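Single-letter residue listing:
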Amino acid sequence: MVGYDPKADGRNISSFEVAVAGSVSGLVTRVMISPLDVIKIRFQLQIERLSRSDPAAKYHGILQAGRQILQEEGPTAFWKGHVPAQLLSMGYGAVQVYKTLRDAVVTMYRTEGPLVFYKGLNPTLIAIFPYAGFQFSFYSALKHMHKWVLPAEGRKNENLRNLLCGSGAGVLSKTLTYPLDLFKKRLQVGGFERARVTFGQVRSYRGLLDCAQQVMQEEGPTGLFKGLSPSLLKAALSTGFVFFWYELFCSFFHPMKKADS
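Values in this document were obtained by computation on a predicted structure and should not be read as measured data.

How each quantity is defined
Going along each chain's sequence as written, the residues are numbered from 1 onward. At least 70 in pLDDT is required for a residue's local features to be given in this predicted model, at least 80 for side-chain atom pairs to be given and counted, and no such filter applies to totals for whole chains, interfaces and linings, which use all residues. Calculated side-chain values reflect all of the structure's heavy atoms, with hydrogen atoms and water omitted. Salt bridges, as used here, are contacts in which a Lys or Arg side-chain nitrogen is within 4 Å of a carboxyl oxygen on Asp or Glu. Labels follow the DSSP assignment, with helices taken as runs of H or I lasting at least four residues and strands as runs of E lasting at least two, numbered in each case from the N terminus. Using a 1.4 Å probe on the protein chains alone, a residue whose accessible area is under 20% of its type maximum counts as buried, one over 50% counts as exposed, and one in between counts as partly exposed. In this scheme, a helix's expected span is set at 1.5 Å multiplied by one less than its residue total. Between rings of Phe, Tyr and Trp, where Trp is taken as its six-membered ring, a pair exists when centres lie within 6.5 Å; planes separated by under 30 degrees are stacked, by over 60 edge-to-face, and by other angles tilted. Residue types Ala, Val, Leu, Ile, Met, Phe, Trp, Tyr and Cys, when buried and joined through side-chain atoms within 4.5 Å, form a set referred to as a nonpolar core. Working rule for contacts: check all heavy atoms of both residues, and any pair within 4.5 Å makes them a contact. Here, patches come from residues exposed beyond 30% relative accessible area and free of salt bridges, joined within 9 Å for like charges and within 5 Å for nonpolar side chains (Val, Leu, Ile, Met, Phe, Trp, Tyr). Surface accessibility follows the Shrake-Rupley procedure with a 1.4 Å probe radius. Residue values consider only the protein chains on display as shielding. A score from 0 to 100, pLDDT tells how confident the predictor is in each residue.

Quick look at the pattern of salt bridges
Within this structure, the stated rule accounts for 11 salt bridges. For Asp37, the salt bridge identified is with Lys40, shortest N-O distance 3.5 Å. Taken together, the residues span about one helical turn, with Asp37 and Lys40 both in helix α1 (residues 15-45) at a distance of 3 residues. Of the two residues, Asp37 and Lys40, both sit in the buried class. Across the pair Arg186 and Glu219 runs a salt bridge whose closest N-O atoms are separated by 3.1 Å. Highlighted residues: Arg186 in helix α7 (residues 158-188) and Glu219 in helix α8 (residues 208-219), separated in sequence by 33 residues. With relative accessibility at 3%, the residue Arg186 sits in the buried group. A relative accessible area of 12% means that Glu219 is categorised as buried. A single salt-bridge network, built from bridges that share partners, covers Asp37, Lys40, Asp181, Lys184, Lys185 and Lys234.

Right, dumping it as C-alpha cells:
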C-alpha cells in the first residue's frame, strides 16, 4: 500500500508481520469483492448495449445483473474463477465454461496447446507501463493538491491522505487504461463461443487490433468502457477493505500503544 506507514500510530511491527497482514488482508478482500469482478467481466463480454432499451441485452445494470446471476446460477456463481484469480494463474473465462480448474487446464492444453494460457497477453503487457506511470503521476499530483488545499494544521492524518490520494490515483489510472482490460477479456475467451451463446452475441477476434476495430465499429466509444462502473466500485471497496483488514490483522500482532497520560 503506497505511502502507508504502519508504524505511524506507535506500533512496532516487523517486516514479516507487515507481509502476513498484507497478504491475508488481500486474500480476504478478494473474496469479498469477487461478485463485482464477475459482474464486471459479464459486462465486458456482452456485445449488446448495457441498456434497458436494448431487448437483446442480458445485463444492463449492476443490481439487475446481480439479481439475474443469483436467480439463474445461484450464489456460487459470484465466485466462479475465484481460485485462479487468487493464484493469478489463468483468466476467468477458462473456468466459466468448465466444471473445475483442473478440468479447464487439462482440456485447454490438450485442445489448443500451451499458447492458450497466454491469450490476451499483448493488451496486458501494453497496459502495465501506462497504468503504473499514471498511478504514480496522479498519486504525486493529488498529494501536492492536498497540501495546497489544506493548511499545515489540517494535515495531521498522513495515512488518511495517502489512502484518499491512492484511491483517486487508482480510479483515474484504471479509467484511462480500461479499454485494454476489456480487449484482454475478449481475447481470453476466444474459442469458447459455443459455451457463451446463452449470454448473447459472440464474436471472434484475430488479435488486439482486430478486437479494438470490431468493438469501435459495432459498439462505439462507449463499448470500450463496458463494465467500468462495477470495476471502479470494486477498486474503491477493495482499497477500503484492504486497509480495514490490514489494520485489524496488524492489531493482532501489536495492539496500538495508548497515549501517555
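Structural notes on helix α2 (residues 62-73)
In an α-helix there are 3.6 residues to a turn, and that puts residues three or four apart on one side. Taking 1.5 Å of rise per residue, the 12 residues of α2 would be expected to cover 16 Å, and the 16 Å separating its terminal C-alpha atoms lies within 8% of that figure. Within α2 the residues assigned to the buried category are Gln64, Ala65, Gly66, Gln68 and Ile69. Just downstream of α2 lies Gly74, where phi reads positive at about 85 degrees.

Thoughts on the packing of aromatic side chains
Under the defined criterion, the tally for this structure stands at 4 aromatic pairs. Seen in terms of ring centroids, Phe134 and Phe138 are 6.0 Å apart; in terms of plane orientation they differ by 25 degrees. Their pairing is stacked. Here the residue Phe134 and the residue Phe138 both occupy positions in helix α6 (residues 121-149), the gap between them amounting to 4 residues, near one helical turn. Look at Phe138 and you get partly exposed, because its relative accessible area is 24%.

Observations regarding the environment of Ser229
Following the sequence through the fold, Ser229 ends up in helix α9 (residues 228-253). With 189 residues separating them in the primary sequence, Ser229 and Lys40 have C-alpha atoms 7.9 Å apart.

Description of the nonpolar core
Soluble globular proteins tend to bury their nonpolar side chains together. Counting 11 residues, the largest nonpolar core consists of Ile47, Ala127, Leu180, Leu182, Phe183, Leu187, Tyr205, Leu208, Cys211, Val215 and Leu224. Mapped by element, the contributors of at least two residues to this core are α7 and α8. Non-local contacts of Ile47, meaning those with residues more than four positions away in its chain, are made with Arg186, Gln201, Val202, Arg203, Tyr205, Glu218, Glu219 and Lys226.

A look at α8
A rise of 1.5 Å per residue sets the reference length of α8, with its 12 residues, at 16 Å; its end C-alpha atoms lie 16 Å apart and thus fit the reference within 8%. Count one or two residues on from α8 and you reach Gly220, which has phi positive near 75 degrees.

Side note on a nonpolar patch on the surface
Residues Leu115, Tyr118, Leu121, Leu125, Ile128 and Phe129 make up a contiguous nonpolar surface patch of roughly 680 Å² in combined accessible area. Following the sequence through the fold, Leu121 ends up in helix α6. We classify Leu121 as partly exposed; its relative accessible area is 35%.

With respect to the confidence of the model for the chain
Scored by pLDDT, the chain comes out at a mean of 78, with 80% of its residues at no less than 70. The low-confidence segment residues 88-96, where pLDDT is below 50, has 23 contacts with residues more than four positions distant or belonging to other chains. Across residues 256-261 the pLDDT falls below 50, and counting only partners more than four positions away or on other chains, this stretch makes 3 contacts in the model.

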